[in-house]
Amino acid sequence: AQSVTQPDIHITVSEGASLELRCNYSYGATPYLFWYVQSPGQGLQLLLKYFSGDTLVQGIKGFEAEFKRSQSSFNLRKPSVHWSDAAEYFCAVGDRGSTLGRLYFGRGTQLTVWP
Amino acid sequence: AAGVIQSPRHLIKEKRETATLKCYPIPRHDTVYWYQQGPGQDPQFLISFYEKMQSDKGSIPDRFSAQQFSDYHSELNMSSLELGDSALYFCASSFSGTSGFGVSYNEQFFGPGTRLTVL
């Protein structure tokens, strides 16, 4: 069964610092990969996605993520964090074997940004 | 651009009561997904519908039922509510096209969620 691991429950960074949120997945092949952001009381907003091709994908709000097949990872990065980036971030995988398929989410990483 | 609409946004119920959550997908989207996010938890898939037919089923309790109507909106019906049903319920929609199964993966767009509190 598919599973997603986000090893960091909570990360605190200073504004302007770089950020990397980790995500590892368990899947028989290369899944579809996503990063979502959730602000308090809000829904899930898609930051970026990987389906195929270039393993470095660019997303909204200056985020990028790199798919590494050998490490089964899809880590999210941002070179300079802004206070407005404080939110919860979810990594998710979609099943290539199920085109109308559900998403499997990680437990999320709560990001706090110090001014 | 139009987004996924969920109503109500907040709902408070007593134990053993019934609740109905509604989801209005983005226009022209034909697939609806329901997810449940408990406090401090990751969203868990409940059920999905494509062209008014159930397309996938996850960890949805037997006390819950759902359907998709001819206008593609969906309703999640929850009966005999328990304290553990308190959660944020997300609906997502996507456009899967006329070929349905077998097409490439379609991005899911999420609504703002309905926060259900069971007292």
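Residues numbered from 1 in each chain as written. Chains lettered and ligands numbered in written order. Predicted model: local features only at pLDDT ≥ 70, side-chain atom pairs only at ≥ 80, totals over all residues. Heavy atoms only, no water.

Notes on the nonpolar core
Grouped burial of nonpolar side chains is what soluble globular proteins tend to show.
Item 1. With 26 residues, the main nonpolar core has Leu-19, Trp-35, Leu-47, Leu-48, Phe-74, Leu-76 and Tyr-89 of chain A as its most contacted residues.
Item 2. Only β2 (10-14), β3 (19-21), β5 (32-38), β6 (44-50), β8 (64-68), β9 (73-78), β10 (87-94) and β12 (109-114) of chain A provide two or more residues apiece to this core.
Item 3. For this core, the element with the most residues is β10 of chain A, which contributes four residues.
Item 4. Filtering out sequence-adjacent residues up to four positions away, Phe-74 of chain A remains in contact with Cys-23, Leu-33, Phe-34, Trp-35, Leu-48, Lys-49, Tyr-50, Val-57, Ala-65, Glu-66 and Phe-67 of chain A.
Item 5. Counting residues in each nonpolar core, the second largest holds 22 residues, with Ile-60, Phe-64, Ala-87 and Val-118 of chain B among its members. (Core = buried A, V, L, I, M, F, W, Y, C linked by side-chain atoms within 4.5 Å. Buried < 20%, exposed > 50% of the residue type's maximum accessible area, 1.4 Å probe, protein only. Helix = DSSP H or I, 4+ residues; strand = E, 2+ residues; numbered from the N terminus. Contact = heavy atoms within 4.5 Å.)

Observations concerning the state of the cysteines
What is meant by a disulfide is a covalent connection between two cysteines, made through their sulfur atoms.
All names here are of chain B.
Item 1. Under the criterion given, the structure shown has two disulfides over all chains.
Item 2. Residue Cys-23 pairs covalently with Cys-91 via a disulfide, S to S 1.7 Å. Here Cys-23 and Cys-91 share a disulfide; its torsion about the S-S bond, -55 degrees, makes the bridge left-handed. Within this pair, whereas Cys-23 is found in strand β3 (residues 19-24), its partner Cys-91 is found in strand β9 (residues 87-94), the two being separated by 68 residues in sequence.
Item 3. Residue Cys-23 is classed as buried on the basis of its relative accessible area of 0%.
Item 4. Its relative accessible area of 0% is what places Cys-91 among the buried residues. (Disulfide = S-S within 2.5 Å.)

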